[in-house]
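Spelled out, the chains give:
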Amino acid sequence: MCGIIGYIGRRNASQIVLEGLKHLEYRGYDSVGFAGVLNSKLVIKKDVGKVDEVHARLNFLEYNLKLAIGHTRWATHGRVTRTNAHPHTDCNKRIAIVHNGIIDNYEELKKELISKGHKFRSGTDSEVVAHLIEENLVDGKSFEEACFNAFKRLEGAYAILAIKNDEYEIVAIKKGSPLVIGVADHGSFVASDIPAFLNYTKKVVYLYDYDMVFLKPEPVFYNIGNGVMLKVERPIQSVEWDAEKARKGDFEHFMLKEIMEQVDTVQRAVAQDKRILEKIVGEIRRAKGVFLVGCGSSYHACLTASYVFSKVAKEHVNVILASEFPNYEHFLTEKTLIIAVSQSGETYDVLEAIRAGKKRGSKIISIVNVMGSSLVRESDASLLMHAGPEICVLSTKTYTSQIALLNLLAYTLSDKYEEGKRRLKYLWNVIYYLTSANTRNKIRKLAEKLLDKQHIFCIGRGLQYPTAMEAALKIKEASYIHAEAFAGGELKHGTIALIEEGTPCIVFVSEENAKEILSNAIEVKSRGGYVIGISPVNSEVFDFWIKVPECGTENPIVQIIPIQILAYQLAVLRGYDPDKPRNLAKSVTVK
Ligand code: F6R
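A brief look at the structure comes next. (Residues numbered from 1 in each chain as written. Predicted model: local features only at pLDDT ≥ 70, side-chain atom pairs only at ≥ 80, totals over all residues. Heavy atoms only, no water.)

## A short note on the site of the ligand
Taken together, 14 residues surround the ligand, and among them S298, S342, Q343, S344 and T347 come closest. At a separation of 2.7 Å, an oxygen atom of the ligand approaches a polar side-chain atom of S344. Coverage of the ligand by the protein amounts to 91% of the 410 Å² it exposes when considered alone. Secondary structure elements with two or more residues in the shell around the ligand: α9 (296-313) and α15 (464-479). (Near = heavy atom within 4 Å. Polar contact = N/O pair within 3.5 Å; in protein donor to acceptor, adjacent residues only side chain to side chain. Areas by Shrake-Rupley, 256 points an atom, 1.4 Å probe, with all protein chains shown as cover. Helix = DSSP H or I, 4+ residues; strand = E, 2+ residues; numbered from the N terminus.)

The following block contains the structure:
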């Protein structure tokens, strides 16, 4: 939800911030803006649209600046307009700020500032920050002191960058929203996410909540959590991510690139230190009550895992949507184990769920892709997916990495680590075949048939039910075609009423439940439905068959891949950008 970036140093800050904004666009793309300092004056450029569109209109590269900040927006408070685009300024246009998050007490602050004569221009919560800093620039207080006094009054979640017309400095603060510092010999970066500056440095400093950083240009770290400015040390760490991985290369879209990467990413996910896996398994065995929590696709991975844990390890786990977790909090004790699953490690609802657990003494294990994320830092132990940056807003490779890791945990829990590993290694061949040009061409033919459909249904039983849910989500997000998933046995309890001549229904079949799910497929077919089989063997009930070899407990990893490709092709054929679907953002850092 919104991406922010700042650079201060000897290189051209305009260029660096523009590049950074392009890398951060997956976090929001309603509008974009940029602010820098030139001859003791603020230069501000902002407008509605994507980075390239706005840059083409306003030319972010007009000036060679040594200090700049930028913002790409996913609107929360205030409509998508130029005025509401960041940066926001104070009354006298001496201070510019960019903000990611939500200021919960902005109404109260705004009222107070208006009564003191401040003039607001936008309908955003963020603008109060600029005026609050201005209000605190009194009695000879420095810009840093004014920022500190302003930040102390904020409630909610925020990552903020502030600059002033006559200061060679960026002031940054983080609470609840992600923010990371990049360190290079020519200057410093500060951004919502590492890919924003990965072209320039792999040296990063992860921040804690209430960390306030003065970049001038070397970063100086304080923590203001106790209401005073406490100087702190924060270690510089190296990231293993490769800048190349954050580029599209020859691919037209990140989504396709990331789908293709699954040949490797599933293997990387399971290349884990066995001792850490065993330690986590020990926690699962000791726990009285295991909760798996996640949102969206990560929730579907948790649901999938609940079947595998039950089947392979005979272990019952509770799967709860992170946003619904407050309803279950009274079950938490110091014997509870929460396994939080998240690509970004910054999803607000997931962080709230684990924080509720921590308050009650529960143990927290997380499965995360982004190292150094809040979730990793707040967990007792973490397993990293090692999938590399996932830039497309839709999760593809990290979804299969999550399932691969959870499967390996389930096998380790039943003392079958080697078998689990072998099964997952075998997938390399299957994924290679599923992402080959042949399979993609075949799926393209299916996409051409489904192009103008209004509804698509997906059904599966057992392990295939969460796969059907993930399939429906992918189709909706990428192509905006309405898609809905059902457990095979549920269709006839109501929704079968919607099946008419030509209604597509994707049927996920495994050896284990072939008989039952094919009989559901026949029910659809006899009402005129167009049946698409994702199955190891063909059947006369299928109007279209995509062969996916039988992989048992690993079926959820391989069976989703053709649908990821289908969703991608539907988006492209319908003229949409699958990397940036409307209204969505990669990392949901708000409630
Ligand atoms: C769907 C998708 C989202 C995320 C969800 C959770 O393609 O990407 O549903 O899975 O927002 O995000 P993380 O995994 O970062 O917590």
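## Considering the pattern of salt bridges
Counted by the stated rule, this structure contains 28 salt bridges. Note that R355 is salt-bridged to E378, the shortest N-O span being 2.7 Å. Taken together, the residues R355 in helix α10 (residues 348-359) and E378 in helix α11 (residues 374-378) connect sequence positions 23 residues apart. Given a relative accessible area of 18%, E378 falls into the buried group. E448 is paired through a salt bridge with R444; the nearest N and O atoms lie 3.3 Å apart. (Salt bridge = Lys/Arg side-chain N within 4 Å of Asp/Glu carboxyl O. Buried < 20%, exposed > 50% of the residue type's maximum accessible area, 1.4 Å probe, protein only.)

## Regarding the environment of V341
Secondary-structure assignment places V341 in strand β18 (residues 337-342). Using a relative accessible area of 1% as the deciding quantity, one classes V341 as buried. Distance in space between the C-alpha atoms of V341 and K50 is 30 Å, their sequence separation being 291 residues. Leave out the neighbours within four places in its chain, and V341 touches L292, V293, G294, S298, C302, I367, Q402 and L406. (Contact = heavy atoms within 4.5 Å.)

## Some remarks on helix α3 (residues 106-115)
Among the residues making up α3, those that are buried are Y106, L109, K110 and L113. Buried residues of α3 fall within an arc of 100° about the axis and therefore sit on the same side. In α3, the exposed positions angled more than 90 degrees off the buried face are occupied by E107, K111 and S115. Residue G117 follows α3 closely and has a positive phi angle near 100°. (Arc of directions from axis to C-beta.)

## Points about the nonpolar core
Ranked by internal contacts, the top residues of the largest apolar core, which has 94 residues, are I475, I506 and L566. Per-element tally for this core: the top contributor is helix α17 (residues 555-573), with 11 residues. If you count residues domain by domain, this core takes at least three from each of domain 2 (253-425) and domain 3 (436-579). Among residues more than four places away in sequence, those in contact with I475 are I456, C458, Y480, I481, A483, I506, I563, L566, A567 and L570. V51, V54, A196 and Y206 belong to the second-largest nonpolar core, a separate cluster that totals 29 residues. (Core = buried A, V, L, I, M, F, W, Y, C linked by side-chain atoms within 4.5 Å. Domains from an automatic or database assignment.)

## Some thoughts on the sheet that holds strand β12 (residues 211-215)
The strand order across the open sheet built from seven strands is β5-β6-β7-β8-β12-β13-β14, with neighbouring strands paired in antiparallel fashion. Strands with a single pairing partner mark the edges of an open sheet, and in this sheet they are β5 (88-89) and β14 (230-231). In terms of strand pairing, β5 meets strand β6 (residues 95-103) through two bridges, oriented antiparallel. Within the sheet, the bridge partner assigned to H88 lies in β6 and is I97. Sitting on the sheet, helix α4 (residues 127-136) is in contact with β5, β6 and β7 (156-164), with an inclination near 130° to β6. Across the face of the sheet, helix α5 (residues 143-151) comes into contact with β7, β8 (170-175) and β12 while running at roughly 160° to β7. (Pairing = 2+ DSSP bridges. Axes fitted to C-alpha atoms, helices over the stretch in contact; angles between N-to-C directions.)

## Examining the sheet that holds strand β9 (residues 180-184)
Judged by pairing direction, the sheet is antiparallel, and its eight strands sit side by side in the order β3-β2-β4-β1-β10-β9-β11-β15 without closing on themselves. Two strands bound the open sheet, and with one partner strand each, they are β3 (41-48) and β15 (237-238). Inspection of the sheet shows strand β11 (residues 203-206) paired to β15 by two bridges, in the antiparallel sense. Pairing of V204 across the sheet is with Q237, part of β15. The strands that helix α1 (residues 13-24) touches are β1 (3-9), β2 (31-38), β4 (67-73) and β10 (187-191); relative to β1, the one it contacts most, it runs at about 155°.

## Things to note about the state of the cysteines
Under the defined criterion, the tally for this structure stands at zero disulfides. Distance from the sulfur of C91, which forms no disulfide, to the nearest cysteine sulfur (C147) is 16 Å. Of all cysteine sulfurs, the one in C295 lies closest to C302, which takes part in no disulfide; the gap is 9.1 Å. (Disulfide = S-S within 2.5 Å.)

## Here we look at the packing of aromatic side chains
Tallying each qualifying case throughout the model produces nine aromatic pairs. For the pair W428 and Y432, a centre-to-centre distance of 5.4 Å together with 5° between the ring planes defines the contact as stacked. Linking W428 with Y432, this pair stays in helix α13 (residues 417-434), spanning four residues, or about one helical turn. According to the relative accessible area criterion, W428 is partly exposed, its value standing at 36%. The ring of Y29 is capped by K50, whose NZ or CZ atom sits 5.8 Å from the centre of that ring. The ring of Y208 is capped by R377, whose NZ or CZ atom sits 4.8 Å from the centre of that ring. (Phe/Tyr/Trp six-rings, centres within 6.5 Å; stacked < 30°, edge-to-face > 60°. Lys NZ or Arg CZ within 6 Å of the ring centre and 35° of its normal.)

Read these as spatial facts, not as claims about activity.
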